[in-house]
Amino acid sequence: MEAIASDLRYAVRQLRKSPGFAAVAVASLALGVGANTAVFSWIDAILLRPLPGVDARGLVGFETVAPSGESVNNSYPDFRDYRDHLRLLSGLAMAQPAALGLGDRDHVDRVWGEMVSGNYFAVLAVKPELGRTFLPEEYGDKPNAYPVAVISDALWRRRFQADPAIAGKIVIVNSHALTVVGVAPPEFHGITPGLAFDVWVPLVMRPQINGIGEWMLRDRKTRDLQGIARLRPGVRIERARAEIAALARELGRAHPYENGGIGATVLELRQASGSQRLLRTPLQILMAACGALLLIVCANMANLLLARAVGRRQELGVRVALGAGRGRLARQLLTESLLLAALGGVLAVPLSLGLGRSLQGLLPRTGLPFYLASSLNADVMAFTLLLAVGAALLAGLYPVLHACGGGLHEALMEGGGRGGSATVRTRRTRSWLVVGEVALALITLIGAGLFARSFESARRIDPGFDAGNVLVAQFHLDTSGYSLAERKQFCLRLRERLQASPGVTAVAYADSVPLGFAGPSWEDLKIEGYLPRSDENMKIIRNVVAPGFFDLLRVPVLDGRDFAERDDEKTLPVMIVNRTFADRFFERRSALGRRVWGWGRWFTVVGVVEDSKYQEINERPRPYFYVPFRQVYREDRAAAFYVRTAGDPNAAIPTLRRQVRLLAPGVGVYDAMPLADYIGAALYPTKVAAILLGALGAWCLALAALGLYGVMAYTVGQRTHEVGVRMALGARPADVLRMVVGQAMLLVAGGLIAGVVAAAGLTRLVSSALIGVGAGDPGVFLGAALILATVAALASFVPAQRAAAVDPVVALRQR
């Protein structure tokens, strides 16, 4: 221990003698480690441990699979069948996110909660912080039988001031009294990764809480429940999938209309629906880019340590002459590297915390309770420590071997070893390190460029509707205890009030908003005169809209008419389809007057509209249809209002709030925003990759330039005598300038070639995540290479100028 303490004290003294070297090394290491720690903390929170506060051993996501292969949510009757008949699962639970109104009519706050099956907390193995969770006798399927709730720790502290006697007290949720039975632990937020919920209510209370009929618990076509299951100990996920698939086929035979062609499966949590599915690819790309950044940092540190080792060879030779062994010298130099690692790691912690908040700041505005905060838990801190130590050892190993290798006695006799074979080897090694830095920086820049182009391309894609100057707001009227008839009346009267307001040019409403995070709604259709293939998916996504919807969003009506106010419950059911629907099912013949079966009745097609984008900005044209709000609107859906304004849509928010308050004081306006901002959610993964990769690319570029500058400055210092000779023999400063810059650009050229070859292979791995740009886009490759070459030329110009300014007389005196 005394020897280690002595080495440490000596290392501190050495670093104090070279504050510039220490500052650059520590800052570079902190930057590389901090960026990697931040991204790893996101991966840890989103992919590795997506459900904090839950015992994740054996937990899997449970999803229904549509005939098209798309994962969709589950229905309550299907849940009961799977829960009661699957033997390889120890438990299956369901949850549905829900906006809830907390408080009486005079003071209602909107909170987000989950309507959950009674066994929800038991399947998750979540123990309450206070009180209890749901009891086995509350696991039943009887509607409206269990008026209880569990609340989050955050809500308990925020709304109830951490009242220790909260268990047993009554709270008003959606105008109905519930008894709080417990408080969830602080780290638990629900089963949807990336969202934080505050209230959990038994799912069988949904008819009462949401003011809907009990039919919702009996309808197999109402698929709006997220599933999570726990495998029995020792059961492999493949066996569970086989059992689930077999039961899904039985359900399809027993209920051909509702379940025909419908399958089910279980997925690892990191693959299930949620933020992890959206962010998995961007985070993996960012981790790879951070790895490149760290390698560049290691190369820079190796260059710095090599230069420092060459400068200290005389000192090390003296120590060898005084009896120090080479192992003792190696230990001393490694101690210095580890001290740099410790300082860099400490500085990396606050840096990673700052970077960690950036992902939260990039979240789109949707009104959902997003929660993507990363934390420096024990795993992340261990990762930081290992990364810092590993980087220091990787960067310092060769310099230590070089410094402690042969030639120390000769270096003592030569006064430091200027010139000689050791210097040639050092120069060659440092040059190769620069080549590697340039290649890695180019790969990162190309990746950033591809995702930036992808993001811009996605932004330019025409969604098929005009989102400019449109305000959108969603009302969860069930939180105010409104009946279905009252909700329809609210929508009609609010539209009348808004249309009469100054600055408003059009108003419409629907039950969904395109290109958001919410999953699609679909209906199993039969088209008169059309015989589907045995494997054809007839579950077509749809929207329920009011008259004027297409005119407001400027969606062209290609044939027929728009919906009218006369299309209500008392008239013939009607439908409008998009171009792809008409082309696919009516074989390019007129769609008007054709009949389509859905919701247990025949609808007549009265119009055809142009295709739009519905779920993803880069989706291919797909069949889609619309039905009138007054004929089909159901109790379980929000009402989305669209308000087109003459100017900035944000200016209409006060008008919207005022009219809602006058019409229905108990209804709050929480998520009003420009439609252009709302549909930005569809671009979120690409935006994250573009912005964060751009930042990493800039850091890599700066570090590569710093490495090149260091090598050229070192080379100029080593060749001062040679430069003096050249100038004494007639070389002009411009000749020296060209020589030094040319040597630097030769290294850069090698790095660019290596980087282009590597990037050409690596970018193919992310081609599926790109929109409107090829993985080998020549413009991106050429642009990244030009940027890097320009910055490298500038970085080499300062050492070149110093060489060109050498006084030949002074240089010739140097040995």
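Residues numbered from 1 in each chain as written. Predicted model: local features only at pLDDT ≥ 70, side-chain atom pairs only at ≥ 80, totals over all residues. Heavy atoms only, no water.

**A look at the overall build of the protein chain**
Heads up, the rule is: To qualify as a helix, a DSSP run of H or I must reach at least 4 residues; to qualify as a strand, a run of E must reach at least 2; elements of each kind are numbered from the N terminus. Throughout, exposure labels follow a simple rule: accessible area from a 1.4 Å probe, protein chains only, divided by the maximum for the residue type, with under 20% read as buried, over 50% as exposed, and the rest as partly exposed. The contact definition used throughout considers only heavy atoms, calling two residues in contact when any of these lie within 4.5 Å. Areas reported here follow the Shrake-Rupley algorithm with a probe of radius 1.4 Å; residue values treat only the protein chains shown as occluding.
From N to C terminus, the protein chain includes 25 helices and 23 strands. Considering the protein chain as a whole, with its 815 residues, one finds that 55% of them fall into the buried category. Restricting to contacts in the protein chain with at least 6 residues of sequence separation, those with at least 24 account for 83%. As displayed, the protein chain offers around 33800 Å² of accessible surface, 58% of which is attributable to carbon and sulfur atoms.

**Some points on unusual backbone geometry**
Phi at A162 takes a positive value of approximately 55°, unusual for a residue other than glycine. Along the polypeptide, A162 turns up in the loop between α5 (153–160) and β7 (170–173). Look at S175: it is not a glycine, yet its phi comes out positive at around 70°. Along the polypeptide, S175 turns up in the loop between β7 and β8 (176–183).

**Focus: the pattern of salt bridges**
Rule in force here: Salt bridges are defined as contacts in which a side-chain nitrogen from Lys or Arg sits within 4 Å of a carboxyl oxygen from Asp or Glu.
Considering all chains together, one arrives at 30 salt bridges under this definition. Where D78 meets R220, a salt bridge forms, and the shortest distance between an N and an O atom there is 2.5 Å. Here D78, found in helix α3 (residues 76–85), pairs with R220, found in the loop between α6 (206–209) and β10 (226–231); they are 142 residues apart in sequence, far enough to count as distant. Between R157 and E129 there is a salt bridge, and its shortest N-O distance comes to 3.6 Å. Taken together, the residues R157 in helix α5 and E129 in the loop between α4 (120–124) and β5 (130–131) connect sequence positions 28 residues apart. Looking at R157, the relative accessible area reads 46%, which means it is partly exposed. Connected through shared salt-bridge partners, D78, D81, R220 and R223 make up one network.

**So, the pairing of strand β4 (residues 109–116)**
So the rule is basically this: Pairing between strands is defined by DSSP: at least two bridges between the two strands are required.
Among the eight residues that make up β4, seven are buried, leaving the element largely enclosed by the rest of the structure. Looking at chain direction, strand β3 (residues 89–102) and β4 are connected through eight bridges and run antiparallel. Paired with L102 across the two strands is D109, which belongs to β4. Sheet analysis places β4 next to strand β9 (residues 199–202), joined by four bridges and oriented parallel. Bridge pairing links V116 to P202 in β9.

**Quick notes on the environment of E336**
Relative to the elements of secondary structure, E336 occurs in helix α11 (residues 326–361). As for E336 and R13, which are separated by 323 residues in sequence, their C-alpha atoms are 10.0 Å apart.

**Overview of the environment of V627**
Examined against the element boundaries, V627 turns out to sit in strand β21 (residues 625–628). The buried category is assigned to V627, whose relative accessible area is 0%. It is 6.4 Å that separates the C-alpha atoms of V627 and I576, two residues lying 51 residues apart in sequence. Non-local contacts of V627, meaning those with residues more than four positions away in its chain, are made with N543, V544, V545, F563, V574, M575, W599, F603 and V632.

**Quick look at the nonpolar core**
What counts is decided by this rule: Residues grouped as a nonpolar core are buried Ala, Val, Leu, Ile, Met, Phe, Trp, Tyr and Cys residues, joined through side-chain atoms within 4.5 Å.
Counting 198 residues, the largest nonpolar core has Y82, Y626, Y642 and L675 as the members making the most contacts within it. Examining the composition of this core, we find that 15 residues originate from one element, helix α21 (residues 684–718), more than from any other. Residues Y482, M538, V605 and V632 belong to the second largest nonpolar core, which totals 48 residues.

**Observations concerning the packing of helix α15 (residues 484–499) against helix α19 (residues 653–663)**
The criterion, for reference: Structural elements are reduced to axes, namely lines fitted to C-alpha atoms, with helices fitted over the stretch in contact, and the angle between N-to-C directions of any two is expressed from 0 to 180 degrees. What sets the label is the angle itself: under 35 degrees gives roughly parallel, over 145 gives roughly antiparallel, 65 to 115 gives roughly perpendicular, and the rest give oblique. Note on convention: the crossing is left-handed when the near helix lies turned anticlockwise from the far helix by less than a right angle, right-handed when the turn is clockwise. Residues were grouped as follows: Ala, Val, Leu, Ile, Met, Phe, Trp, Tyr, Cys and Pro as nonpolar; Asp, Glu, Lys and Arg as charged; and all remaining residues, including Gly, as polar.
Between α15 and α19, the least distance of the axes is 10 Å, while the angle of their chain directions is 130°. In terms of orientation, α15 lies oblique with respect to α19. The handedness of the crossing between α15 and α19 comes out as right-handed. Judged by residue contacts, F490, R493, L494, R497 and L498 of α15 engage T655, L656, Q659, V660, L662 and L663 from α19. Among the residues making up the contact of α15 with α19, the classes are represented as seven nonpolar, two polar and two charged.

**Description of helix α23 (residues 733–762)**
What counts is decided by this rule: One less than the number of residues in a helix, times 1.5 Å, gives the span that helix is expected to have.
With 30 residues, α23 extends 43 Å between its outermost C-alpha atoms, agreeing within 8% with the 44 Å of an ideal straight helix rising 1.5 Å per residue. All of the buried residues in α23 are V736, M739, V740, V741, A744, L747, V748, G751, L752, G755 and A759.

**Points about the packing of aromatic side chains**
This is how it is decided: The criterion for an aromatic pair is that two Phe, Tyr or Trp rings (for Trp, the six-membered ring) have centres within 6.5 Å, with stacked assigned to planes under 30 degrees apart, edge-to-face to planes over 60 apart and tilted to the rest. Note on geometry: a ring has a charge over it if NZ (lysine) or CZ (arginine) is within 6 Å of the ring centre and within 35 degrees of the ring normal.
This structure, assessed with the given rule, holds 28 aromatic pairs. An angle of 70° between the planes, with centres 5.7 Å apart, marks the rings of F475 and F490 as edge-to-face. Taken together, the positions of F475 in strand β12 (residues 470–475) and F490 in helix α15 put the pair 15 residues apart, joining distant regions of the chain. Pair check on accessibility: F475 and F490 agree, each one buried. Between F581 and F585, the aromatic rings sit 4.8 Å apart at their centres with planes inclined by 65°, giving edge-to-face as the arrangement. With F581 and F585 both in helix α17 (residues 579–586) and four residues apart, the pair spans about one turn of that helix. Across the pair, exposure class does not vary: F581 and F585 are buried alike. Site record: aromatic cluster; members linked through ring pairs are Y530, F581, F585, F586, W599, F603 and F625. Here R595 stacks its cationic end above the ring of W602, 4.5 Å away from the centre of that ring.

**Description of the side chain of Q659**
Residue position: Q659 is located in helix α19. Relative accessible area serves as the criterion here: at 12%, Q659 is assigned to the buried category. Setting aside residues up to four positions removed in sequence, Q659 forms contacts with L494, R497, L498 and S501.

**Section: the pairing of β9**
The alternating pattern of β9 places V199 and V201 on one face and W200 and P202 on the opposite face, and all of these are buried. Alignment of strand β6 (residues 148–151) against β9, held across two bridges, turns out to be antiparallel. If you follow I151 over to β9, its bridge partner there is V199.

**As for α5**
Selection rule: As used here, the arc belongs to the directions running from the helix axis to the C-beta atoms.
Along α5, the residues classified as buried are D153, L155, W156 and F160. Summarising the axial view, the buried residues of α5 lie within an arc of 165°, below the 170-degree limit, and thus occupy one face. Of the residues one or two after α5, Q161 is the one with positive phi, at around 50°.

**Re the state of the cysteines**
Disulfide: a covalent bond connecting the sulfur atoms of a pair of cysteines. In plain terms, the rule: Criterion for a disulfide: a pair of cysteine sulfur atoms within 2.5 Å.
Applying the stated criterion across every chain yields a total of zero disulfides. Distance from the sulfur of C290, which forms no disulfide, to the nearest cysteine sulfur (C700) is 8.3 Å.

**Considerations on the confidence of the model for the protein chain**
Close inspection of predicted coordinates is inappropriate for parts of the model with low pLDDT. Put simply, the rule reads: The pLDDT score gives, residue by residue, the confidence of the prediction method on a 0 to 100 scale.
A residue-level look at the protein chain finds 86% of positions with pLDDT of 70 or above and a mean pLDDT of 84. Mean pLDDT across the elements of the protein chain bottoms out in helix α13 (residues 408–414) (47) and peaks in strand β18 (residues 574–578) (97). Low pLDDT (under 50) marks residues 408–422, which in the prediction has 26 contacts with non-local residues, meaning those over four places away or in another chain.

**Concerning the side chain of D524**
Basically, it comes down to this: In protein, a polar contact requires one atom able to donate a hydrogen and another able to accept it; more generally it is a pair of N or O atoms within 3.5 Å, and residues adjacent in sequence count only if both atoms are side-chain atoms.
Its place among the elements puts D524 in strand β14 (residues 522–524). A polar contact is formed between the side chain of D524 and the side chain of K539, at a distance of 3.0 Å. Apart from the residues within four sequence positions on either side, D524 is in contact with K221, Y257, M538, K539, W597 and G598.

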